[in-house]
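Chain by chain, the residues run as shown.
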Amino acid sequence: MTPSTTSRNKNKILRAVIPLAFWLGVWQLGAVFMDWRTGGYGSLLLPGPGEVAGRLIALAVEPAFWQAAGMSLVRIFAGFALGAVIGTAAAVATAAFAPADWVLTPAVKVVRAVPVASFIVLVLLWAPTTGVVPAIVSALMVLPVLWGNVGKGISQTDPQLLELAKAYRFGRAKTMRLIYIPSVLPYFASGCATALGLAWKAGVAAEVLCLPALAIGTKLYRAKITMETPDLFAWTVTVVVLSFVLERAVGALLRRMGGGKA
Amino acid sequence: MISVQNITARFGEKTVLDRFSLQIPDTGLTALSGPSGCGKTTLLRVLAGLQCVEEGTVTAPRDPVLLFQEDRLLPWRTVGQHISDVLPKSRREEVSRWLALAELEGEENSAPAALSGGMGRRLALARALALGGGLLLLDEPFTGVDAPRAGRILERIRALGMPVVLSSHEKEVVELCDRVILLDGPPLSVRSI
């Protein structure tokens, strides 16, 4: 390892640690202030980071924690994947066929504008089981984002490369593989990064409203009605960590697909 | 014989070829020479079937291949992949042969971004040559390529035996061709050397 590499690594670690330490400090100060203001009941409103970490560790040793976290992860990832597939297919259809554009564009715009709470309540009325509601709601949040990004990627594909594909007799499949997919992949990756955050927010909100048996949202709801604020924070931290892990995993997968360029 | 008879072609609002006629023997190397904007690129695109003509007739060998004026390389493909992408599966072992023709040996795994301007041009040329066809149409094939190297590559192209029509500003390249067609904007003059 060269001195410059060591220095770069040190800088990288400092850039990760300093902001984290700063915000944990702010959080701790807030918790101390709240405790002082409420005469020792501050953890009902704002528990400190140490207390939350303690609850998180206590929860993590129970199988129910992993079951709830795993099921939420599965539901939200399934919804994300469904939304990504339908959104991409809709973008391809609208780019390829004008009638599909006329029909689908207003529908996708409506989906984009409808509040997530309306979707949750409506899907709860129609869905056969409460477990599928978070997945469907997540899919509905992801769909317009991927549709917009992939559509933009298709429209931004270099016309000179498309003319080259035509002149060099590439055929449809080869043009798709060599030109469209690599051109659209960065737009798709960027859409996925945005959509994953939305999928978690909407999916957990749906779980809070429809209370499936094993779900982070259900745990959040129960923590709220029993005033277990440290648990509320611990589950929120769990959502943040899972969202981050899933975003990194999807990002790594897309980079691999794009040969490191997505 | 390659021929265009009374063709009219526009580039946007501008009429580039106006009832233009020309006959070119379908053997050897033919150079189109003339100032920028005189219609060389448009004529090559018409011969390649990529530009519609408003009137007139075009007769050219089947499956012409055009080397575009721009390199049009795919940033996500390696140098070797650019060649293998245009070759049928049965001819994939020819990659090194076409790279050698364009003097790009050892660059097979390089990315286009790592190539110099002249190397990128030679890769685009190697790709067009590997694709092959009944007629090679080369639009400024040696931009950024030094004259001695351009001369060597042109002689290798001649040895392929395909009819070639190329446009060039470089005197050294034009002088190596079997005939030169001077385009000075419509009307044009034709002169053989």
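Residues numbered from 1 in each chain as written. Chains lettered and ligands numbered in written order. Predicted model: local features only at pLDDT ≥ 70, side-chain atom pairs only at ≥ 80, totals over all residues. Heavy atoms only, no water.

A. Representation of the overall build of chain B. Across its full length, chain B holds 6 helices and 8 strands. Going residue by residue from the N terminus, the α and β elements of chain B occur as β-β-β-α-β-β-α-α-α-β-α-β-α-β. What you see for chain B is a C-alpha radius of gyration of 17 Å, in line with the 16 Å of a compact globule of 193 residues. Within chain B, counting contacts between residues at least 6 apart in sequence, those at least 24 apart form 65% of the total. (Helix = DSSP H or I, 4+ residues; strand = E, 2+ residues; numbered from the N terminus. Rg over C-alpha atoms; globule rule 2.2 N^0.38 Å. Contact = heavy atoms within 4.5 Å.)

B. How the structure looks around the domain arrangement of chain A. All names here are of chain A. For chain A, the domain assignment lists domain 1 (1-46) and domain 2 (47-257). When each unit is reduced to the centre of its C-alpha atoms, the spacing between domain 1 and domain 2 is 29 Å. Between domain 1 and domain 2, the contact holds 9 residues from the first and 9 residues from the second. A combined buried area of about 700 Å² lies between domain 1 and domain 2, and 67% of that area is made up of carbon and sulfur atoms. (Domains from an automatic or database assignment. Buried area = accessible area lost by both parts, 1.4 Å probe.)

C. Expanded view of the environment of A:Ala215. All names here are of chain A. With respect to the helices, strands and loops of the structure, Ala-215 is situated in the loop between helix H8 (171-210) and helix H9 (216-225). Taking the C-alpha atoms as reference points, Ala-215 and Ala-69, separated by 146 residues in sequence, lie 6.5 Å from one another. Setting aside its immediate chain neighbours within four residues, Ala-215 contacts Ala-68, Ser-72, Arg-75 and Glu-207.

D. Representation of the packing of aromatic side chains. All chains considered together, the criterion is met by 7 aromatic pairs over all chains. Where A:Phe33 meets A:Trp36, the ring centres are 5.7 Å apart and the plane angle is 45°; that geometry is what we call tilted. Here A:Phe33 pairs with A:Trp36, and both are found in helix H1 (residues 3-37), just 3 residues apart, close to one helical turn. Judged by its relative accessible area of 46%, A:Phe33 falls in the partly exposed class. On the accessibility criterion, A:Trp36 (64% relative accessible area) is exposed. Joined through ring pairs, the aromatic side chains of A:Phe65, A:Trp66 and A:Trp235 make up one cluster. Sitting above the plane of the B:Phe68 ring, B:Arg72 keeps its charged end 3.8 Å from the centroid. Above the ring of B:Trp98, the side-chain terminus of B:Arg97 is found at 4.3 Å from the ring centroid. (Phe/Tyr/Trp six-rings, centres within 6.5 Å; stacked < 30°, edge-to-face > 60°. Buried < 20%, exposed > 50% of the residue type's maximum accessible area, 1.4 Å probe, protein only. Lys NZ or Arg CZ within 6 Å of the ring centre and 35° of its normal.)

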